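Per-entry structural report
Listed below are the residues making up each chain.
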Amino acid sequence: MGFRWLLQAWVPRRAARLCRAVVFDMGGVLLPSPYARARDWEVWNRVPPGTVQRALICGGDDRPWMKYVRGELTAAEFVQAFAQQCFEITNSPVPVDSFLSDLTSKEMSEQLPVMTEAIRCIRAEGLKTAVLSNNFYLHSGASFLPLDRKQFDVIIESCREGICKPDPRIYMLCLERLGVQPNESIFLDDIGQNLKAAAQLGMSTLKVDDPEVAVKELENFLGFPLRGAVPFTRSVRPTMEIPQVPLQKYLENVLGSHTTGSLLVRQFSHGQSNPTYYVEYGDHRLVLRKKPPGKLLPSAHAVEREYSIIGTPFYLMEYCAGHVYKDPSLPGLEPSQRRAIYTAMNQVLAQIHSVDLKAAGLEDYGKHGNYVQRQVQTWTKQYRATETHTIPAMERLIEWLPLHLPQAHQVTLVHGDFRLDNLIFHPERPQVLAVLDWELSTLGDPISDVAYSCMAHYLPSSFSLLKGLGNCDLTHLGIPTAEEYFRTYCGHMGIPPIEDWNFYMAFSFFRVAAILQGVYKRSLTGQASSATAESGGKQAESMADLAWDFATKEGFRVFKAMPAMKPSGRPYSTWAWQGPFPRRSYVTVPHSSSAPAHLILSPEGLSDRAQDLYRRLRRFMDAHIYPAEQALRDHQVSQTRWTPHPLVEELKVKAKSEGLWNLFLPLETDPEVRYGAGLTNLEYAHLCELMGMSLHAPEIFNCSAPDTGNMEVLLRYGTEEQKERWLQPLLDGEIRSCFAMTEPQVASSDATNIESSIVEEGGFYILNGHKWWISGALDPRCRLCVFMGKTNPGAPRHKQQSMLLVPMDTPGVTVTRPLSVYGLDDPPAGHGEILFENVRVPKENMLLGPGQGFEIAQGRLGPGRIHHCMRLIGFAERALALMKERVKSRVAFGKPLAEQGTILADIATSRAEIEQARLLVLKAALLMDTVGNKAAALDIAMIKLVAPAMALRVTDRAIQAFGAAGLSSDYPLAQFFAWARALRLADGPDEVHRMTVAKLELQGP
Ligand SMILES: Cc1cc2nc3c(=O)[nH]c(=O)nc-3n(C[C@H](O)[C@H](O)[C@H](O)COP(=O)(O)OP(=O)(O)OC[C@H]3O[C@@H](n4cnc5c(N)ncnc54)[C@H](O)[C@@H]3O)c2cc1C
């Protein structure tokens, strides 16, 4: 009578379809009824029947029970107050403590299976679920909630909220957290009063007396079954129904007439293009996969392995219970478990690709050879057949893919759609139980499967159709990177890694783009098998863009590895052409047969050996140099700065032991590769750039100036004795050296001005002179000075100078002070001012011979000086990298610095300038390798002019973007800046290089 509002449970189906959330009471709905339990308890404890129920229900808002469920009483306080209340009802003591324990006993804490299954079915349909319980705190202080929380989107406990049913506020709170309106929900409770309050708010309600009956009523209300829950399935979508009578007949036929029972059909929620169903009949659990209804593409959805019984072709498989991981980030698993899942996936793929085709009778399963080519054609056709509008990236790919087909790899069984969510894993172990979705399987190129299975790595996690790992921290998650995954695969298969991986990625995304376009087209005609088809189809464009990104990367790889200048017969000239259009042509006639005769634009194009060195060097920089930078910078401003930091010597030993040592010595100076790594100047340019990223790196690899220049001089011009005494310890990194040319009293940019004198006396030379800016002179390890002075002031200008090897501890050599660059004194090497006063050195210390000093200086300044330029490219790259990182993370005036126009312009200009300078460095290095230092003079002078100024501008922009921090010693930028500025002088003033360039330019035709 008073329950007329109950009729609201029987709303018409149209209204039920609006239902978005089901809200459950706990005790008496999800858990056994506390009232029934109270009745039993009263019998066992000889308490007058109805006492507990009366005490629970009667007495207004301030009765103990209400206070308890609002969290106002502790369990102990409640027991006391409730005992008093029961005593007042019965006039005799009631052991209520034991009632509370009974109420929370194990038996009372088990969720009713019928409700568990109903909740699974409700959630499978995409509806939300909530618990709204008048709940209480236990003696332990925890609340009583023995439910699996994962079943609910929202859990509301009265004791936590301080309000309880039937207070309308608690219902509103629940609805608000669910994000639904009252009329979009249904509430199940066993107490009429609570239901009445919900109904007054506009919620549909259902009274639960018998949970079984209640579930049937709820089923009726919602319009879908609440039993037969199978993981990852939902009720069959209205447009996807399959005729059950013919299917049942067919099953009886196939499975045998003894098979009886009711037929249960549910639909798997994923499976975008071919609808997939769970079919249970008798003891048989099967999976049915069928073609989508409607007009289909020529050879897609090749499921014709069964007759048409249900309107469209289908096939049946055995149902395999296990776990399908739909989210590639594997939420809820430990990093080690995630890694194990990916390893298992990788292993299974390798097993598929290792199937012995002959033994398995699969030799005719597909055509042999040209798999990728045929696939590109097929998917191009598919795409064209469903094209709705022009997708520019697809057009480019259709042109690009056939022109960049990979070299033929093995022919194996290929799956064609191999991804994590097509695998069924063991519920407890990282073991693949089954591989699904074989419709695209054939014989083909196995790498296409590997690339396809890595697509998730490049997709954002927000991508709705195929969740991605693009913005996940894979190391943190324990998931292998695509590169690691591929390497593991190669390990399983015993094959070397391939170079054109990006082609396969481009191809994989192209295929997905074509598939999604098909889905989209079908969604337009209403035949898509999934509600998300339409949005997914629109994503064809973003997939095509992603594919094109990979195509571009692959293009760059090919480009970088490609000979930019062929050693053809074009005449070498860098002079402006005297024709109507100014143009330049180059030839790179090899100077020595071992030198590379073409420009290698990036490390990827280097020889295997140089690439290996490059990779190892990069790893060393990452692992040891960058992490040590701050400590080394701090040391440079400490009291002990003139003593080398012990870390430097430690790292030198490590670098040496790893073979990353003396990489600078060019092949032309050391053709037998006795002393150095035997790299060409061009090869070294790439490695030297990397070392330039840190001011501390070159010394660690024994590749720092001025030692490098001095070692080269000794190697080229030194006698065997000189080599033994000085070159060997320098090569071993045991000592350091300096080069003394510049003098304060003369304009030293013109070396002919040098005035220091070298006078022969008996078997000795006596030296007198005043030098300054002598780099390295303050280092306690500096034992050798290569001294330049005049032996014969009366000889022709370029024959007056000589070079002598002067041990630093020779009497008369006094380092009078360190000089500083912008206040930085570059310890422990320093730049010293030195007095040479009657310094006596044996005649054998003369290099090459008297009057040969200028010639040696020219030789010394070839490769050695372009090393600075190579390193300056590294400086600039590092400065730009630091700048990019910084501007992305700082916000000013409402937006990240990275979005401010001037910052963008600075980044763009810096990138362009670095690239320009790098090309010129590489070209100069190549010419040194191929036509020799003399013929490369123009390019050497040009890069010496360009590189320091470029690095200075790029670093200056980076400092500006950093703000004040850029000027501090917390970052390498201030030192980069100072050093780049110094190099506009130290390597010869800009003007002198400009003079050289202009003179040579004017000499030309
Ligand atoms: C950090 C640092 C480290 C150094 N390390 C060493 C070292 O280890 N050993 C060593 O011997 N020297 C070293 N030097 C010195 C360096 O080589 C000289 O400073 C350089 O050669 C210029 O000589 P200078 O200073 O005497 O300038 P000057 O010759 O007096 O020239 C001054 C200016 O005159 C102008 N000028 C010169 N020639 C021309 C021209 N043809 N046309 C137009 N303008 C012109 C330029 O603007 C030039 O900067 C170092 C310098 C620095 C800053």
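The structure we're discussing is the one just above.
A brief structural summary. (Residues numbered from 1 in each chain as written. Predicted model: local features only at pLDDT ≥ 70, side-chain atom pairs only at ≥ 80, totals over all residues. Heavy atoms only, no water.)

1. A closer look at the site of the ligand
Convention followed: Proximity criterion: a residue is near a molecule or strand once any of its heavy atoms comes within 4 Å of it. Any pair of N or O atoms that falls within 3.5 Å is considered a polar contact. Within protein, one atom must be able to donate a hydrogen and the other to accept it, and sequence-neighbouring residues count only if both atoms are side-chain atoms. Computed with a 1.4 Å probe, the accessible areas rest on the Shrake-Rupley method; for each residue, only the protein chains presented here act as cover. Numbering of helices and strands starts at the N terminus; helices are DSSP runs of H or I of at least 4 residues and strands are runs of E of at least 2.
As a matter of local geometry, the ligand sits amid 20 residues, with F739, T742, S749, W773 and S775 nearest to it. Within the backbone of W773, a nitrogen or oxygen atom sits 2.8 Å from a nitrogen atom of the ligand. At 3.1 Å from an oxygen atom of the ligand is found a side-chain nitrogen or oxygen belonging to E991. Compared with its free state, where it exposes 970 Å², the ligand has 70% of that area covered by protein. Elements with a contribution of two residues or more to the shell around the ligand: β17 (764–775), α33 (973–986) and α34 (990–1003). Counting residues per element, the shell around the ligand draws most heavily on α33, which supplies four residues.

2. A few points about the nonpolar core
The test is simple: By nonpolar core is meant a set of buried Ala, Val, Leu, Ile, Met, Phe, Trp, Tyr and Cys residues that side-chain atoms within 4.5 Å join together. Burial status follows relative accessibility: with a 1.4 Å probe on protein chains alone, a residue under 20% of its type maximum counts as buried, one over 50% as exposed, and anything between as partly exposed. An automatic or database domain assignment provides the domain bounds reported here.
Membership of the largest hydrophobic core comes to 100 residues, with the highest contact counts inside it found for L663, Y684, L687, F701 and L847. In terms of domain composition, this core takes at least three residues from each of domain 4 (719–847) and domain 5 (858–1003). Counting 73 residues, the second largest nonpolar core, distinct from the first, contains Y325, M394, W400 and L546.

3. Observations concerning the pairing of strand β16 (residues 757–761)
The condition that has to hold: Paired strands, in this sense, are two strands between which DSSP finds at least two bridges.
Pairing analysis gives five bridges linking β16 to β17, with the strands arranged antiparallel. Along β17, the bridge assignment pairs I758 with L767. Between the antiparallel neighbours β16 and β17 lie two residues, among them G762 with a positive phi of about 60°.

4. Structural notes on the packing of aromatic side chains
Counted only if it meets this: Two rings from Phe, Tyr or Trp (for Trp, the six-membered ring) form a pair when their centres are within 6.5 Å of each other. A pair whose planes differ by under 30 degrees is stacked, one over 60 is edge-to-face, and the rest are tilted.
Enumeration according to the criterion identifies 25 aromatic pairs in this entry. With a centroid separation of 5.8 Å and 25° between ring planes, the pair formed by W400 and F503 is classed as stacked. On the criterion of sequence distance, the pair formed by W400 in helix α15 (residues 392–403) and F503 in helix α19 (residues 501–524) is long-range, its members being 103 residues apart. With respect to burial, W400 and F503 carry one shared label: buried. Measuring from ring centre to ring centre gives 4.5 Å for F875 and F976, while their planes differ by 15°; the resulting arrangement is stacked. Within this pair, whereas F875 is found in helix α29 (residues 863–889), its partner F976 is found in helix α33, the two being separated by 101 residues in sequence.

5. Observations regarding the sheet that holds strand β4 (residues 185–189)
Defined as follows: Axis lines are fitted to C-alpha atoms, over the contacting stretch for helices. Their N-to-C directions set the angle, which ranges from 0 to 180 degrees. Contacts are assigned to residue pairs with any non-hydrogen atoms lying within 4.5 Å of each other.
Read across the open sheet, the five strands follow the order β3-β2-β1-β4-β5; overall the sheet is parallel. Where the open sheet ends on each side, the last strands, each with one partner, are β3 (154–157) and β5 (204–207). Neighbour-to-neighbour, the strand axes of the sheet open up by a mean angle of 20°, direction not taken into account. Looking at chain direction, strand β1 (residues 21–24) and strand β2 (residues 128–133) are connected through four bridges and run parallel. Within the sheet, the bridge partner assigned to V23 lies in β2 and is A130. Lying on the sheet, helix α11 (residues 211–222) is in contact with β1, β4 and β5; it crosses β5 at an angle near 155°.

6. Remarks on empty space enclosed by the protein
The cut-off we apply is this: Buriedness of a pocket was judged along seven lines, with at least five required to meet protein on both sides within 12 Å; pockets are open sets of points on a 1 Å grid over the protein atoms alone, cavities are sets where a 1.4 Å probe fits but cannot get out, and lining residues have an atom within 4 Å of a point. Grid points are joined across faces, edges and corners, and a volume is the space filled by probe spheres set on the points.
Under the counting rule described, the total for this entry stands at two cavities of 30 Å³ or more. Considered as a void within the structure, the largest cavity measures approximately 50 Å³ in volume. Lining the largest cavity are K652, E699, N702, S704, D707, G733, I735 and R736.

7. So, the pattern of salt bridges
Inclusion rule: For this analysis, a salt bridge means a side-chain nitrogen from Lys or Arg found within 4 Å of a carboxyl oxygen belonging to Asp or Glu.
Under the defined criterion, the tally for this structure stands at 49 salt bridges. With a closest N to O distance of 3.0 Å, D153 and R123 form a salt bridge. Here D153 is found in the loop between β2 and β3, whereas its partner R123 is found in helix α7 (residues 113–124), with 30 residues between them in sequence. Among the residues examined, R123 registers a relative accessible area of 30% and is labelled partly exposed. Linking E658 and K654 is a salt bridge whose minimum nitrogen-to-oxygen distance equals 3.3 Å. A single network of salt bridges, built from pairs that share partners, joins E649, K652, E699, D707, R736, D779 and R781.

8. A word on the environment of S105
On the secondary structure map, S105 appears in the loop between α6 (96–103) and α7. Residue S105 is classed as buried on the basis of its relative accessible area of 19%. Looking at S105, its side chain comes within polar contact range of the main-chain oxygen of D102, at 2.8 Å.

9. Quick word on unusual backbone geometry
Cis geometry marks the peptide bond from K165 to P166; its omega dihedral reads 10°. Examined against the element boundaries, P166 turns out to sit in the loop between α8 (158–161) and α9 (168–178). Here the residue pair A705 and P706 is connected by a cis peptide bond, since its omega of 0° sits within 30 degrees of zero. With respect to the helices and strands, P706 occurs in the loop between α25 (697–700) and α26 (707–717). Even without a glycine there, the phi angle at N91 is positive, about 65°. Within the secondary structure, N91 sits in the loop between α5 (75–90) and α6. Unusually for a residue other than glycine, D826 sits at a positive phi of about 55°.

10. Notes on the packing of α7 against α11
What counts here: Under this scheme an angle from 65 to 115 degrees is roughly perpendicular, one under 35 degrees roughly parallel, and one over 145 degrees roughly antiparallel; angles in between are oblique. Crossings are assigned a handedness: left-handed for a near helix turned anticlockwise from the far helix by less than a right angle, right-handed for a clockwise turn. Three categories are distinguished: nonpolar for Ala, Val, Leu, Ile, Met, Phe, Trp, Tyr, Cys and Pro, charged for Asp, Glu, Lys and Arg, and polar for the others, with Gly belonging to the last.
Contact pair α7 / α11: the axes reach a minimum separation of 10 Å and the direction vectors enclose 15°. The angle between the axes of α7 and α11 places the two elements in the roughly parallel class. Viewed along their axes, α7 and α11 form a crossing whose handedness is left-handed. Counting all contacts with α7, which are made through V114, M115, A118 and I122, the residues of α11 involved are P211, E212, V215, L218 and L222. For the contact of α7 with α11, a count of residues per class yields eight nonpolar, no polar and one charged.

11. Focus on the environment of S737
By the element assignment, S737 lies in strand β15 (residues 736–740). Placed 49 residues apart in sequence, S737 and V786 show a C-alpha to C-alpha distance of 7.7 Å. The contact partners of S737, leaving out residues within four places of it in the chain, are P706, D707, N710, L730, S775, C782 and L784. Within the structure, S737 has its side chain in polar contact with the side chain of D707 (distance 2.6 Å).

12. Focus on the sheet that holds strand β6 (residues 233–234)
Spatial ordering of the open sheet is given by β6-β7-β8-β9-β10, a layout of five strands whose pairing is antiparallel. Edge positions in the sheet fall to β6 and β10 (314–318), since each has one partner strand and no second. Pairing of strand β9 (residues 284–290) with β10, which is carried by five bridges, proceeds in the antiparallel orientation. What sits directly across from L286, in β10, is E318. Lying on the sheet, helix α12 (residues 244–255) is in contact with β7 (263–268), β8 (276–281), β9 and β10; it crosses β7 at an angle near 110°.

13. Observations regarding the pairing of β1
Of the two faces of β1, both are covered, the one formed by A21 and V23 as well as the one formed by V22 and F24. Note: β1 against β4, four bridges, orientation parallel. Across the sheet, V22 pairs through a bridge with I186, a residue of β4.

14. Quick look at helix α16 (residues 446–453)
It helps to recall that an α-helix has 3.6 residues per turn; residues three or four apart then point in one direction. Burial analysis of α16 places eight of its eight residues in the buried class, the great majority of the element. Within the span of α16, buried status applies to P446, I447, S448, D449, V450, A451, Y452 and S453. Structurally, α16 contributes buried residues whose contacts are with α13 (335–353), α14 (371–386), β11 (412–414), β14 (442–444), α18 (482–493) and α19. The N-cap residue of α16 is D445: its side-chain oxygen and the backbone nitrogen of I447 are 3.0 Å apart.

No statement about biological role is implied by the geometric values presented.
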